[in-house]
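Letter by letter, the chains look like this.
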Amino acid sequence: MNNSVFNVPHPSNEPVLEYREGSKEKKELKAALKELSEQYIEIPVIIGGKEIKSGNTVEITAPFDHSIKLGKFHQAGPKEIQLAIDTAMEARKAWSKMPWFHRAGIFLKVAELISTKYRAQMNAATMLSIGKTAVQAEIDSACELIDFLRFNTYFMQQIYSEQPMLNSKGMWNSLQYRPLEGFVLAVTPFNFTAISGNLPTAPAMMGNVCIWKPSTDAVYVPYLLMKIFKEAGMPDGIINLIPCKSSDLSNIAFSSRDFGGIHFTGSTKVFKTIWETIGKNIWDYKSYPRIVGETGGKDYIFAHNTADIEQLVAASVRGSFEYQGQKCSAASRAYIPMSMKDEYMKRMKEVIGTIKMGSPFDFTNFMTACVSKKAFKDITSYIDFAKDAKDAEVAIGGGYDDSKGWFIEPTVITTQNLEFKTFKEEIFGPVLTVTFYEDAKCDEYLEYCNSGNEYALTGAIFSSEREFIAKALEVLEDSAGNFYINDKPTGAVVGQQPFGGGRGSGTNDKAGSYLNLIRWVNTRTIKENFVPPVSIEYPHMEAE
Ligand code: NAD
């Protein structure tokens, strides 16, 4: 069917459900939590729609309760990774030729299935497997993922509609947005179901085929998503799920001649290692691979002495401790004027004192546990370092307990040493390090904030004075890809605040926008001449 120019429905953000007591959504979510926590699932490798059980399994345990075993997943080895590449390249032949509006229909259906039939299941799976509270799951595995799918589909059509402005007389110029001539590797992090789902679907929507390597801490929800893709009509082999060891992936996928690109989200160190490997193999590829990566952050809150203290404290607490600080955008360093020090610390203690931490089954909890033993060890080593340091103080929290789950208290460290380890390095846990500056040295500290570390992901300033806001916007121009004025540095919404950072925080290709989708196409310019010349002479060659 090709005698029509279709229009993708204009997207709007998926409404965030509130899960109030007695609500339908709360009852459904509670039922899904019960059901999933009582069953034990076996997750296969999925290649070309076939389920493969390698026998090399890893158990999945709820981060907040070591006794809740959710299931186990099979890991792909080198043989399966190669099979996934070959299968994807075979599937590419038909997928890359499928009219784009049919691909759009599949992804819009995925969005609809998550919005309705699978919403409770997706949220429950996210809560159980990576330890989110109900609201944190709802804004992630339901709303943000649905938004990614609907907005991207819309942007896809916009991209395809973008055509050369001019056609000289007698000719017709066009652009064709071909998929990449190879497979795309989607390497996903543990902390966001939405990101995990977006990394393979964005390239696939543009006609590419994908190998999806999920984080070993988050394989449960990708498996559910694979089932939803199938139900929505996605042909086999377009997205292949291969949980595996990173070393196996590197050895096979990055040395394949058909490696077309990587869509990565994770830590800066891993991304740089991957880039280095790709660089070493550059002579072996058919094309220059597209490298898209959103990586780490050391996100800041900078307060001016005209800031509203209650707004500042609420943003500091929500921005630093929601989802246990395991958001790339989480505030983890704060610059507070000395004149506000006492009030700020007093209110921070009071507000943090009200935080309840525990199982996500109890909806009154604000925080649950960190994702894994490794995360627990990494984060607590920073807290212990601060406890032992002479130039810092653990002013709030600092406790941790792994007897039932990977629980770490919301922790505030204070220091006047801008080089202090916890003030510079990404911790990826519920730890905020605060420094206090003399009010008169505000300009100087803005400069320190700009150059304080290798990252530039998110940042927030708080002030009621326009002159300060204007100056901070300028001085901090390159310090954050997402900049907030009088708001916490987390919670970007698709279609509203396209997300991504610069410097060591990534290639800043703004997930959920046309800027990202455009990386997954390889444009062909087509010029058709209706009246081709029949001689080789030019006017200037006339006899003098
Ligand atoms: P991670 O870097 O440990 O892992 C990310 C993915 O890379 C996982 O699938 C992992 O298995 C894989 N991986 C690890 N080593 C690899 C290697 N050598 N070769 C190939 N793949 C490899 O990150 P994580 O712990 O899952 O997530 C937390 C990190 O992600 C933080 O640094 C956070 O800031 C970042 N993050 C960034 C954004 C963003 O949009 N900028 C969003 C979410 C998370």
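Residues numbered from 1 in each chain as written. Predicted model: local features only at pLDDT ≥ 70, side-chain atom pairs only at ≥ 80, totals over all residues. Heavy atoms only, no water.

- Named according to an unreviewed UniProt entry, the chain is L-glutamate gamma-semialdehyde dehydrogenase originating from Denitrovibrio acetiphilus.
- Regarding the chain, the UniProt comment filed under Pathway (unreviewed entry) reads as follows: "Amino-acid degradation; L-proline degradation into L-glutamate; L-glutamate from L-proline: step 2/2." (UniProt positions renumbered as here; feature names shortened; annotations may be inferred.)

**So, the sheet that holds strand S4 (residues 57–61)**
Each strand in a sheet pairs with another by means of backbone hydrogen bonds, the pair being arranged parallel or else antiparallel.
Step number 1: One open sheet accounts for 3 strands, arranged S1-S5-S4; its pairing is mixed. Strand pairing shows two members of the sheet lacking a second neighbour, strand S1 (41–43) and S4, which therefore form its edges. Neighbour-to-neighbour, the strand axes of the sheet open up by a mean angle of 25°, direction not taken into account.
Step number 2: In terms of strand pairing, S1 meets strand S5 (residues 69–74) through 3 bridges, oriented parallel. Each residue of the ladder has a partner; that of Ile-43, found in S5, is Phe-73.
Step number 3: Running over the sheet, helix H7 (residues 220–231) touches S1, S4 and S5 and is turned about 80° from S1. (Pairing = 2+ DSSP bridges. Helix = DSSP H or I, 4+ residues; strand = E, 2+ residues; numbered from the N terminus. Axes fitted to C-alpha atoms, helices over the stretch in contact; angles between N-to-C directions. Contact = heavy atoms within 4.5 Å.)

**Observations regarding the sheet that holds strand S14 (residues 392–396)**
Step number 1: Taken in spatial order, the 7 strands line up as S14-S17-S18-S13-S12-S20-S21 in an open sheet, and their pairing is mixed. Since the sheet does not close on itself, it has two edges, and those belong to S14 and strand S21 (482–485), each with one partner. Taking the axes of each pair of neighbouring strands and ignoring which way they run, one obtains an average angle of 20° across the sheet.
Step number 2: In the sheet, S14 pairs with strand S17 (residues 411–415) via 4 bridges, with the strands oriented antiparallel. Each bridged residue has a counterpart across the sheet, and for Glu-393 the counterpart in S17 is Thr-414.

**Observations regarding unusual backbone geometry**
Step number 1: For Tyr-323, which is not a glycine, the phi torsion comes out positive at approximately 45°.
Step number 2: Assignment of secondary structure puts Tyr-323 in the loop between helix H10 (309–321) and strand S13 (331–337).
Step number 3: For Tyr-323, a relative accessible area of 1% puts it in the buried group.
Step number 4: Of note in this structure, Asn-486 is not a glycine but carries a positive phi near 55°.
Step number 5: Mapping Asn-486 onto the fold places it in the loop between S21 and strand S22 (502–503). (Buried < 20%, exposed > 50% of the residue type's maximum accessible area, 1.4 Å probe, protein only.)

**A look at the domain arrangement of the chain**
Step number 1: Here the chain is described as being made up of domain 1 (24–295 + 506–527) and domain 2 (299–485).
Step number 2: Taking only C-alpha atoms into account, the centre of domain 1 sits 31 Å from that of domain 2.
Step number 3: In this assembly, 28 residues from domain 1 lie in contact with 30 residues from domain 2.
Step number 4: At the surface where domain 1 touches domain 2, the tally comes to 2 salt bridges.
Step number 5: In this structure, Lys-272 and Glu-454 form a salt bridge, with 4.0 Å as the shortest nitrogen-oxygen distance.
Step number 6: Counting across the interface, domain 1 meets domain 2 through 12 residue pairs in polar contact (both at pLDDT 80 or more).
Step number 7: Listed by contribution, the elements that provide at least two residues to the side of domain 1 that touches domain 2 are helix H1 (24–38), helix H4 (119–130), helix H5 (134–161) and helix H9 (268–280). (Domains from an automatic or database assignment. Salt bridge = Lys/Arg side-chain N within 4 Å of Asp/Glu carboxyl O. Polar contact = N/O pair within 3.5 Å; in protein donor to acceptor, adjacent residues only side chain to side chain.)

**Brief notes about the pairing of S13**
Sheet faces and side chains relate simply in a regular strand, where the side chains alternate between the two faces.
Step number 1: Summarising burial for S13: 7 of the 7 residues are buried, a large majority.
Step number 2: In this sheet, S13 lies alongside strand S12 (residues 299–303) in parallel orientation, the contact comprising 4 bridges. Its bridge partner lying in S13, Tyr-300 is registered against Arg-333.
Step number 3: Regarding topology, H10 serves as the crossover connection from S12 to the parallel S13, and that connection is right-handed. (Right-handed = clockwise from strand over helix to strand, strands pointing away.)

**Observations concerning empty space enclosed by the protein**
Step number 1: Under the definition given, this model contains 2 cavities of 30 Å³ or more.
Step number 2: Roughly 70 Å³ of internal volume is contained in the largest cavity.
Step number 3: Taken together, 13 residues line the largest cavity, and the ones lying closest to its centre are Gly-325, Lys-327, Ala-330, Ser-332 and Phe-428.
Step number 4: Looking at the lining of the largest cavity residue by residue, the class counts come to 6 nonpolar, 4 polar and 3 charged.
Step number 5: The wall of the second largest cavity is formed by Ser-129, Ile-130, Pro-189, Phe-190, Phe-192, Thr-193, Ser-196, Ala-218, Val-221 and Pro-222.
Step number 6: Every element with two or more residues in the lining of the second largest cavity is listed here: H4, helix H6 (193–205) and H7.
Step number 7: Across the lining of the second largest cavity, the residue classes break down as 7 nonpolar, 3 polar and no charged. (1 Å grid on protein atoms, 1.4 Å probe; cavity = no way out; pocket = protein on both sides within 12 Å on 5 of 7 lines; lining within 4 Å. Points joined across faces, edges and corners; volume = space filled by probe spheres on them. Nonpolar A, V, L, I, M, F, W, Y, C, P; charged D, E, K, R; others polar.)

**Here we look at the environment of Ala-395**
Step number 1: On the secondary structure map, Ala-395 appears in strand S14.
Step number 2: Given a relative accessible area of 22%, Ala-395 falls into the partly exposed group.
Step number 3: In sequence terms Ala-395 and Lys-72 are 323 residues apart; their C-alpha atoms lie 40 Å from each other.
Step number 4: Excluding its chain neighbours within four sequence positions, the residues that come into contact with Ala-395 are Met-345, Lys-349, Val-412, Ile-413 and Thr-414.

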